[in-house]
Amino acid sequence: MSKELSAKNLTFSYEADSPKILDNVNLIIQANTFNILYGPSGSGKSTLMKVLYGLYPEFAGTIQSGQVLIDAQDLADLKPGAIVKKIAFLFQNPLNQFAMTTVDLEFKFTLENLALPKADMAQRIKTALAQLHITDLRYRKIDTLSGGELQRVALAITLAMDSQFIILDEPFASVDLTSRQQLLALLKDLQVNHGKTILLADHDLSGYADLVDHLYQFDQGKVQEIADFSVVFAKFQHFDQQRRFPLPISADDCVLNFKDLSYGTGESPLVQNANLPLLQGKMVLLTGANGSGKSTLFKTLTRLHPFSGTIYYQQEEIRKIRPKQYAQKVALIFQNAQMQYLRLTLQEELDLSLAHAHHPEIWTPAVISDQLQALHLKGLEDHIVYQLSGGQQKKLQILEMLIVGTPVLLLDEPLAGLDMASIQVVLPMIATMAAKQQQTIIMISHQLTGVLNFFDYHLALADKTLSYQEVLAYQSIN
Amino acid sequence: MIFASFEIAFTQSIWANVYLVALCLVYLIPTLTPKRIAWLLFMPVIPILGTWMSFYFHGTGDVWHTSWLLSTRIYAYIFLGAIVTFTMPINNLLGSLEQNCHIPSKFVYGTLGAFNFIPRVTQTVKQIQSAALMRGEVLHAWSPQIFFKAVLISLRWSDDLAQSMQSHGFWEQQHRSHFDTYPMPLWNWAVALLALGGLQVVAFSGLG
């Protein structure tokens, strides 16, 4: 019997008549190899990973044709209990991995599900934790662990389950760079010394050159093995770019000011003693590695996350401003567009924002009509906002928050999931309207190509330090 | 305990209720702090007073007996509930129900998963309220929008939770083993029977 995980002529879509996410995919993952599947964000890599693991079509979508085989058995014929003994899965969001409150309870829950005897469970928990050097995490609460620690625990659990194949779906999305390197070394060790098979999906290929046995490219629903992958890795090196930004000269015109600002998650600090101003009417780009605490900074600034030190809004300490008033000064465009919606149709959403606009004179019916036209939202006024596509929801969210026009607007990855054509409409719109309303914009964006010209300053979060930086080094892949 | 709850729902004895409260108090002694005692005794004062007054002033028949019967019954239920919530963590309670009462593990772990989401729920409701404030709307705890949005979000969470449980080997019809066991020794049964016997004596002694 061949030890392998394979997809044969696999075609998958979410609805019978919707576009094919996987289009006749053929893929063979041989036991005891290290495999990387790469492709742009939002291209459907997660879908492929979940189909290979059997979560889809059980939880969503349908297999139009073809099959997934594990050790020559059709995955569709296996019960979930039988699949997990062969394949383990690490989710993109490590928090989605756990159903219990502590590491210990999650281990026990998992091993009880495999119906192991108690003595065997105790031994496996000990060994797995020791192998990943996290014995001290055993009795910690899940919600006090950092992204890197969570993925380490998730990996330890797959070791305890003793599955042959380990599928990892963008496992480093909320993990800092150091943890990422440590986790990669661990994965390689599992393959070489413990006979595991690794299949990992990522949009970023850095750090993989010396680890990988097989490299697959995923694009437009198709998988293609790259025979000579040194070329691909070399290409990634080629596009290293640099960009220079000015530094703010004086802090005279500042709208927000940090004094010894510190915050963290659980027991680990993210930022320590930040002291800097944010200037009125400027556009600031906020960069930093995954898991470094950029989104948490936004939550801190909107008082959704505890902090120590002081934040001043125009000389007034923000803790002393009433929440209702403060929300009219500093607003956040959440990553999840639906978080922002309060009405049912697109028109009602716009009307609500207009009713609370700080500069209603700017937002004449003609201006709004033009903006809707540019965003390709014209004609959708009566549509239910929750039924719009992901991109349309995001564009509406940005527009309605611009209409409100708070003096400070924070944007958390507003460009993720937008195509290049939309980005080229959205960014100039933000810049123009923000200038008219004298707004300060702070934006987190991983998408940097075609974006940088719009920003006045570059704020970097690295090594728990928040500071303005002149140089922004980045890679452009496309 | 469940039997006792049913019984006092139908019996007319004030003393049976008082007996139950006393019995529960004895059982709770090791876990009770002054704060908890105060909480148990004074939190229900308003509903109990309301019940007592409405039956005393607007009731028919033996209003003295009915009003005292129903108000002591509320105390009895509160103390029976306290036995469950104060003496064991939710994990152990559900674990014990799974092992001793053979309640389906899907129900047990679904409930446990939901309990574990409580901190995230609190955080998310705060976020929903704050997002609304940024658009000039005040959402109170009773605003329908909060519920609508909470339902949308919980639908996604329930899907995530189901996927995470399945990825850790959980599925409905499986046989599970148990790391921590919650045995019911013989003396537990004996104490339960004795206490129930006592309840019968008090309930049917004609004390009123």
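Residues numbered from 1 in each chain as written. Chains lettered and ligands numbered in written order. Predicted model: local features only at pLDDT ≥ 70, side-chain atom pairs only at ≥ 80, totals over all residues. Heavy atoms only, no water.

Visitor: Quick rundown of the overall build of chain B? Include the residues and the values.
Guide: A count of helices and strands for chain B gives ten helices and zero strands. Over its C-alpha atoms chain B spans a radius of gyration of 22 Å, topping by over 25% the 17 Å that the globule rule assigns to 208 residues. Buried positions account for 38% of the 208 residues belonging to chain B. Restricting the contact set of chain B to residue pairs at least 6 apart, pairs at least 24 apart contribute 73%. Counting 10 positive and 8 negative side-chain charges, chain B places the centres of these two groups 11 Å from one another. (Helix = DSSP H or I, 4+ residues; strand = E, 2+ residues; numbered from the N terminus. Rg over C-alpha atoms; globule rule 2.2 N^0.38 Å. Buried < 20%, exposed > 50% of the residue type's maximum accessible area, 1.4 Å probe, protein only. Contact = heavy atoms within 4.5 Å. Lys, Arg positive; Asp, Glu negative; His and termini not counted. Charge placed at Lys NZ, Arg CZ, Asp CG, Glu CD.)

Visitor: Describe the confidence of the model for chain B, with residues and values.
Guide: Should the pLDDT be low somewhere, the predicted coordinates at that spot are not to be read in detail. Residues and elements named next belong to chain B. Scored by pLDDT, chain B has a mean of 84; 98% of the residues are at 70 or more. Mean pLDDT values for the elements of chain B range from 75 in helix α1 (residues 2–10) up to 89 in helix α8 (residues 118–133). Scoring of the predicted complex yields 0.79 for pTM and 0.80 for ipTM. (pLDDT = per-residue confidence, 0-100.)

Visitor: Provide a residue-level description of the packing of helix α4 (residues 103–113) of chain A against helix α5 (residues 118–131) of chain A, including the pertinent values.
Guide: All names here are of chain A. The interhelical angle for the contact between α4 and α5, taken along N-to-C directions, is 130°, at an axis separation of 10 Å. Accordingly, the angle class assigned to the pair α4 and α5 is oblique. Handedness of the crossing formed by α4 with α5: right-handed. Here Phe107, Lys108, Leu111 and Glu112 of α4 come into contact with α5, specifically with Met121, Arg124, Ile125, Ala128 and Leu129. When the residues that make up the contact of α4 with α5 are grouped by side-chain class, the tally is six nonpolar, no polar and three charged. (Axes fitted to C-alpha atoms, helices over the stretch in contact; angles between N-to-C directions. Parallel < 35°, antiparallel > 145°, perpendicular 65-115°, else oblique. Left-handed = near helix turned anticlockwise from the far one by under 90°. Nonpolar A, V, L, I, M, F, W, Y, C, P; charged D, E, K, R; others polar.)

Visitor: So what's going on with the pattern of salt bridges? Residues and values would help.
Guide: In the structure shown here, the tally under the stated rule is 20 salt bridges over all chains. Asp71 of chain A is the salt-bridge partner of Lys3 of chain A, the closest N and O atoms lying 3.9 Å from each other. One end of the pair, Lys3 of chain A, is in the segment before β1 (4–13); the other, Asp71 of chain A, is in the loop between β4 (62–70) and β5 (73–74), and 68 residues separate them in sequence. Owing to a relative accessible area of 46%, Lys3 of chain A belongs among the partly exposed residues under this scheme. Across the pair Glu400 of chain A and Arg135 of chain B runs a salt bridge whose closest N-O atoms are separated by 3.3 Å. With Glu400 of chain A in helix α13 (residues 390–404) and Arg135 of chain B in the loop between α8 and α9 (144–167), this residue pair bridges two chains. Through salt bridges with shared partners, one network takes in Asp104, Lys108 and Arg138 of chain A together with Asp180 of chain B. (Salt bridge = Lys/Arg side-chain N within 4 Å of Asp/Glu carboxyl O.)

Visitor: Got a sec to walk through the UniProt feature "transmembrane region" (unreviewed entry) in chain B? Specific residues and values, please.
Guide: The UniProt entry lists residues 12–30, 37–55, 75–94 and 186–207 of chain B under the feature "transmembrane region" (unreviewed entry), expressed in the numbering used here. In the segment residues 37–55 of chain B, helix accounts for 89% and strand for 0%; the C-alpha atoms at its two ends are 27 Å apart. (UniProt positions renumbered as here; feature names shortened; annotations may be inferred.)

Visitor: Explain the packing of aromatic side chains to me, using residue names and the numbers behind them.
Guide: Residue and element names in this part refer to chain A. All told, the structure shown has 17 aromatic pairs over all chains when counted by the stated rule. Judged by centre distance (6.0 Å) and plane angle (10°), the rings of Phe12 and Tyr56 are stacked. On the criterion of sequence distance, the pair formed by Phe12 in strand β1 and Tyr56 in helix α2 (residues 55–58) is long-range, its members being 44 residues apart. Taken individually, Phe12 and Tyr56 each receive the classification buried, so the pair is uniform in this respect. Between Tyr457 and Tyr468, the aromatic rings sit 5.8 Å apart at their centres with planes inclined by 70°, giving edge-to-face as the arrangement. Within this pair, whereas Tyr457 is found in strand β20 (residues 457–462), its partner Tyr468 is found in strand β21 (residues 465–468), the two being separated by eleven residues in sequence. (Phe/Tyr/Trp six-rings, centres within 6.5 Å; stacked < 30°, edge-to-face > 60°.)

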